[in-house]
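What the coordinates show
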Amino acid sequence: AVSAALYAPFLYMYYATSIRWVQREQKSAAEMAKDKPVSWTGTGRLLKWSVALHILSWYMQIHPGHKILEGASPAVLANVGGALTLAPLFAFYEGVWFVGLRPELHGKVQNLIEQYTEELCQQGAPMRVCEELAAQSVPSENRLTSPHSDHTEGGGMESLAALTSKWLHFFKEGLTTEMNTNGAKEKHVPTISISVEGKVEVKVPHVMQNDHFIEYIWLLNDETGEVVAANKFDAVENEQSAMISSSGFEPGTVLRAVSFCNLHGFWQSEIVKVPSTEKDEPLHSKLLQLMRDTQSQINSLGAAEKHIPLTEVSLTDEESDATRAVKVVIPHVMDDSHFIQYVWLQNVATNEIVSASETKAGEEPTLLTTNVAAGSTLKAYSFCNLHGIWTGDEFIA
């Protein structure tokens, strides 16, 4: 309704300007002819310039625009009515989107355009974009979405290169500037969980109905911007979530997930750092030694409310009760001279460190996210570079 209201003044402006020019042309013709009848074309100059400009515009659109730059046949050859009515409206909407209005509509329209383009390419349309899509496709046996991936769920069959290209397109068009704003957060925000073995899962608890579903999930390296895993999903009735999984990330890799709902746009997760695994003995040994050396000073230096770790425990899979996701957050500044340097979880029964992370100044407060065995009794620890080790109460995962 807003865009339509904005479009109406443009139509009126075109009409009023045309009438004014015709009246001016007829007035000039009347002055030149004196008492003789005046043709509806006036002096004829306006008609000649209009026809010449019209022909030039059509030529520029059809030959340099479509044939040379796009490598495609003009739409007017297939649908004259659409070319004369819908094309001006679409051009207007591009101006609306350019100034930042209706970004969710832009995403939906762009998605429909891409789907229609893929259908045309499958029908053998002679377009340059079809050659680009064909170059990005890979044999089905090689369609893992990431060099890290060991498993990907969903109906998508696009390569990582194609999905990366799509993400970069959305990013460059400015469609990802507003996230987590249009809909219910609990149904759209992706959650990242990391198992003790280092397997990363991204899940969105969203229905997958034909008219409302999660269409894309991207997993990004938040420091480099690289798409490290992704998938395109199809609507599947009775499915209640969309998920991708991947593994093989180096400890310390900072990840962020982004999902795209076909009705409610883009949503992003909190950033999560891949913790060290049980195989990272040097870090675990270092932390155990640090605990032994500073046992008498734990929770004694500085303000407790800024240093004691806060923990959140949640289910990792609605169909499994064997594991829990644990997130550790410390409400502490992360300045260059004062920051949390280490965060870790210890099994109280075995004194074993089940997960640990080395953090740096400038990082966000979510400092550790990992999966643990359900029922484990754990304690979370943090190490401040100025105020030593801090720990909270025991908790059961």
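Residues numbered from 1 in each chain as written. Predicted model: local features only at pLDDT ≥ 70, side-chain atom pairs only at ≥ 80, totals over all residues. Heavy atoms only, no water.

With that out of the way, let us pick up the nonpolar core. Counting residues in each nonpolar core, the largest one holds 21 residues, and the members touching the most others are Ile192, Ile217, Leu219 and Leu255. When contributions to this core are tallied by element, the ones reaching two or more residues are strand 2 (191–194), strand 3 (200–204), strand 4 (214–221), strand 5 (227–232), strand 6 (242–246) and strand 7 (254–261). For leucine 255, the residues in contact, after removing those within four places along its chain, are Ile192, Val200, Leu219, Leu220, Asn221, Asp222, Val228, Phe249, Glu270, Ile271, Val272 and Val274. One finds Ile330, Val343, Val372 and Phe395 within the second-largest nonpolar core, a separate group that totals 17 residues. (Core = buried A, V, L, I, M, F, W, Y, C linked by side-chain atoms within 4.5 Å. Buried < 20%, exposed > 50% of the residue type's maximum accessible area, 1.4 Å probe, protein only. Helix = DSSP H or I, 4+ residues; strand = E, 2+ residues; numbered from the N terminus. Contact = heavy atoms within 4.5 Å.)

Attention now goes to the confidence of the model for the chain. Summarising the model, the chain shows a mean pLDDT of 76, and 77% of its residues fall at 70 or more. Counting interchain partners and residues more than four positions distant, the pLDDT-below-50 stretch residues 136–156 has 52 contacts. (pLDDT = per-residue confidence, 0-100.)

Our focus in this paragraph is unusual backbone geometry. Positive phi is not limited to glycine here, since asparagine 299 has a value of about 60°. With respect to the helices and strands, the residue asparagine 299 is situated in the loop between helix 8 (281–293) and helix 9 (304–307). Judged by its relative accessible area of 32%, asparagine 299 falls in the partly exposed class.

Under the counting rule described, the total for this entry stands at five salt bridges. Measuring nitrogen to oxygen at the nearest pair gives 2.8 Å for the salt bridge that ties aspartate 222 to arginine 256. Of this pair, aspartate 222 sits in the loop between strand 4 and strand 5 while arginine 256 is found in strand 7, placing the two residues 34 residues apart along the sequence. Residue aspartate 222 is classed as partly exposed on the basis of its relative accessible area, which comes to 32%. A residue is classified by how much of its surface remains accessible, and arginine 256, at 14% relative accessible area, is buried. Notably, a salt bridge pairs glutamate 312 with lysine 327, separated by 3.6 Å at the nearest N-O pair. Within this pair, whereas glutamate 312 is found in strand 10 (residues 310–315), its partner lysine 327 is found in strand 11 (residues 323–329), the two being separated by 15 residues in sequence. Using a relative accessible area of 47% as the deciding quantity, one classes glutamate 312 as partly exposed. Connected through shared salt-bridge partners, Glu270, Glu312 and Lys327 make up one network. (Salt bridge = Lys/Arg side-chain N within 4 Å of Asp/Glu carboxyl O.)

Taken together, the side chains of Phe10, Leu11, Met13 and Tyr14 make up a nonpolar region of the molecular surface, amounting to roughly 390 Å² of accessible area. Examined against the element boundaries, leucine 11 turns out to sit in helix 1 (residues 2–33). Residue leucine 11 is classed as partly exposed on the basis of its relative accessible area of 43%. (Patch = residues over 30% accessible without salt bridge, like charges linked within 9 Å, V, L, I, M, F, W, Y side chains within 5 Å. Areas by Shrake-Rupley, 256 points an atom, 1.4 Å probe, with all protein chains shown as cover.)

Our next topic: the packing of aromatic side chains. Taken as a whole and assessed by the stated rule, the structure comprises eleven aromatic pairs. Positioned over the ring face of tryptophan 21 is arginine 24, at 5.1 Å from the centre of the ring. (Phe/Tyr/Trp six-rings, centres within 6.5 Å; stacked < 30°, edge-to-face > 60°. Lys NZ or Arg CZ within 6 Å of the ring centre and 35° of its normal.)

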